[in-house]
Each structure stands twice: as structure tokens, then as C-alpha cells.
Amino acid sequence: KLGHRCGCWCLRAVAEQLSIASPCKINLFLRVMGRRSDGFHDLASLFHVIDLSDSMDFSPLASGETKDRLECDMCGVPTDESNLVIKALNLFREKSGSHQFFNVKLHKVVPHGAGLGGGSANAATALWAANELCGRPASESDLLSWSADIGSDISVFFSKGAAYCTGRGEIVRNVPPPLPLDTPLLLVKPAVGLPTGQIFKQLDLDKRSSADPEALLNRLSNDGMSQDVCVNDLEPPAFKTLPELADLKGRLQHEGGGKFSAVFMTGSGSTIVCAGSDEVPEFLQEEAYSDVFVSPARLIMREEGTWY
Ligand code: C5P
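Keep in mind that this is a model prediction, so the values were computed, not measured.

Novice: For this particular structure, what's the right way to read the overall build of the protein chain?
Specialist: Of the regular secondary structure elements, the protein chain holds 7 helices and 12 strands. Its C-alpha radius of gyration of 20 Å places the protein chain within 12% of the 19 Å reference for a compact globule of 308 residues. Projecting the C-alpha coordinates of the protein chain onto the three principal axes gives extents of approximately 65 × 40 × 35 Å. Counting the 308 residues in the protein chain, one finds 41% classified as buried.

Novice: Can you walk me through the site of the ligand in this structure?
Specialist: Taken together, Gly-39, Phe-40, His-41, Leu-43, Gly-151, Ser-152, Asp-153, Arg-168, Gly-169, Thr-196, Gly-197 and Phe-200 make up the full set of residues near the ligand. Among the secondary structure elements, those contributing two or more residues to the shell around the ligand are β4 (41-60) and α4 (196-202). Per element, the largest residue contribution to the shell around the ligand is 3 residues, and it comes from α4. Residue contributions to the shell around the ligand reach at least three from each of two domains, namely domain 1 (2-174) and domain 2 (185-297).

Novice: Explanation requested: the pairing of strand β3 (residues 18-35) in the structure shown.
Specialist: Note on strand geometry: in a regular strand, side chains alternate between the two faces of the sheet. Sheet topology note: the β3/β4 ladder contains 15 bridges and is antiparallel. Residue Gly-34 lies in a different strand from β4, and its bridge partner there is Asp-42. Counted along the chain from β3 to the antiparallel partner β4, the turn is 5 residues long, and its residue Gly-39 has a positive phi close to 90°.

Novice: I keep staring at the packing of helix α1 (residues 84-96) against helix α2 (residues 118-133) and nothing clicks. Help me out?
Specialist: In helix packing, the relevant descriptors are the interaxial angle and the interaxial distance, both defined with respect to the helix axes. The geometry of α1 relative to α2 is characterised by a closest axis approach of 8 Å and an angle of 35° between their N-to-C directions. Both α1 and α2 take part in a crossing whose hand is right-handed. Within the contact between the two elements, α1 uses Leu-84, Val-85, Lys-87, Ala-88, Leu-89 and Phe-92 and α2 uses Gly-119, Ser-120, Asn-122, Ala-123, Ala-126, Leu-127, Ala-130 and Asn-131. Along the lines of polarity and charge, the residues of the contact of α1 with α2 split into 9 nonpolar, 4 polar and 1 charged.

Novice: Any chance you could explain the environment of Ser-37 here in plain terms?
Specialist: With respect to the helices and strands, Ser-37 occurs in the loop between β3 and β4. Between the C-alpha atoms of Ser-37 and Thr-183, which are 146 residues apart in sequence, the distance is 39 Å.

Cut-offs used in this document
- Residues numbered from 1 in each chain as written.
- Predicted model: local features only at pLDDT ≥ 70, side-chain atom pairs only at ≥ 80, totals over all residues.
- Helix = DSSP H or I, 4+ residues; strand = E, 2+ residues; numbered from the N terminus.
- Rg over C-alpha atoms; globule rule 2.2 N^0.38 Å.
- Buried ≥ 20, exposed ≤ 12 C-beta atoms within 10 Å, placed from the backbone.
- Near = placed C-beta within 6 Å.
- Domains from an automatic or database assignment.
- Pairing = 2+ DSSP bridges.
- Axes fitted to C-alpha atoms, helices over the stretch in contact; angles between N-to-C directions.
- Left-handed = near helix turned anticlockwise from the far one by under 90°.
- Contact = placed C-beta atoms within 7 Å.
- Nonpolar A, V, L, I, M, F, W, Y, C, P; charged D, E, K, R; others polar.

If you want it as C-alpha cells, here you go:
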């Protein structure tokens, strides 16, 4: 819905409400390069946005309102200041000088504690929407650099969709799509999620891969997906925390009927990504897996100036 909101002879038509998708990401490989003095870790990771998405509705509240309102339909998701969406809207006002508050409805599909960056994606989407609804006071590169203040893997959503990320994850380098966008993917996540901070804390730096991340990027782009390219240094601490995740990965590798070219964990888990097919292996019908989240997915990209 478009209309003039400023009440003056302003020529810019500003949207009055926005309903947009909030897609999540996977890490095609994730190398941890070292521990930093600020408690974070330096990463070198190939992120890709995928089409598994929440949906979000944004509308500006009347002037004079001084508190954002967030509603979410998924149990257990906080809707107070601890939610990254509210943090993103606070950040937007602080950086842009806007006094606009918003009503936000969040329809969740992406599971929590999954390594899919669902909460970070919602924060990125909120920054994007607030900027649109206020007549674009900020550029995309402003939004990208601001986002690092509230999380490490929000910036990637302001990339073109495929990005080699370093630093805490917030230094984003766009790369050409490393794989055909129609590469079938199957996401498999046990009911238990994993807390990112705890997985990083449990990481034993001696148990990391020694692969050169730039070489992984080249191999992936030139030769496609294979098991030894889809390295994730956070698998050992995640598997130690949740041993059934290692079993799940093993079964997907061995009982996937040879259809998957690679089976690997994304982010800090607990989602396992199977690449090359989205056919659900038969063993996932067993009673023991009845509460497992299973979803097909595809890689997606973004055109500058548009959201996904
Ligand atoms: O930045 P974000 O809030 O997503 O990070 C959650 C936690 O994960 C951090 O508090 C930190 O303990 C850990 N982390 C890390 N190194 C990174 C990203 C996250 O140690 N590059």
C-alpha cells in the first residue's frame, strides 16, 4: 500500500505497510580461524541465503507512540526487548535519527537454535522494512554496517545472497553464486536446538580442519558440492553436546540412497543440510524421528534495491 505519509508537498511515495519474507541462511562451509580477545571467534565461511522463510508484516504506529509492538505465532519466541527484531528497530532509530515506532507481526517457520540464522534474518528484515517505511534515510551499505552492532550473522542478509564472510561473520564479500540455484537441498533438524555461544565455548581449536578457506571457496565454485569441501569446524563441539546429531548425520550419509553429494551441519547446529536431493530418506519415518523438522530448500539471491 503506497501513500504520502509526511503531510507536506513531499513527492516521495512511502509505503504504509509492508508484508515481506524473511529468509534464512546456511553455511556451505564454516572454518573457525581463531579465538579473539573480545570473546568472539574469527570465521571464514561461505554463507548462502535460502528460501525457507518466515513472513513479517510491518506498519508504522501513529506519531506519539513510543514503543514497538511485536506479535509472534511461535511458542517460546520472546516479543520483548530481548527479541532481535526490537533491537533492530531501536538500532534503526538510533542511527537514522527517526522517531518512528512500528507494529510487527512475525509468522515463524524457521526453527530456533537451528544454525539457520532465523532470528538474525528477522532483524535484517526489520532494518530493511523500517528503512523502506521511513522513505529510505539509509543506504544498503549503512544497514549492513549498522547490523553488526547487534549480531554477527545479520550483515549477510544485506549481501546479494551468496557471501564469503570473515571477522565475526560481519565482514561480507559478495561472491558469484557458487552452485546452481536449483540445487536441491533437504534440511533436517532434531527437536533439540543448540545455543551458539555454548557451542563456540566447547570448541577445541586442536580439532579443527586445516583446510584453506579460500581454496574451499574455489573448489566449491569450480567442482561443486562434495563431502570434503563442506567442512564445519563447529561439528565436533555440536556432536559432543548432542551425540544423536552425529548419528543423524551418519544415517543421512549412509541411508540417503547415495543421492546426497554432501551432508553437513550449518552454523552452530542443530540443522543438518543434505545437498543434491530433497527426497526424504525412509528412516526419517521411524517413530524416533517423529519430532524432527524436515524441509526441502533452495538457494536464493537478492537484487540490489529489493528484498528477497
Ligand atoms: O553474534 P551472535 O549474537 O550471533 O553470537 C552469539 C554468541 O556466539 C556470541 O556471544 C559468542 O559467544 C559466539 N560467537 C563467537 N564467534 C563468532 C560468532 C559468535 O564466539 N564469530
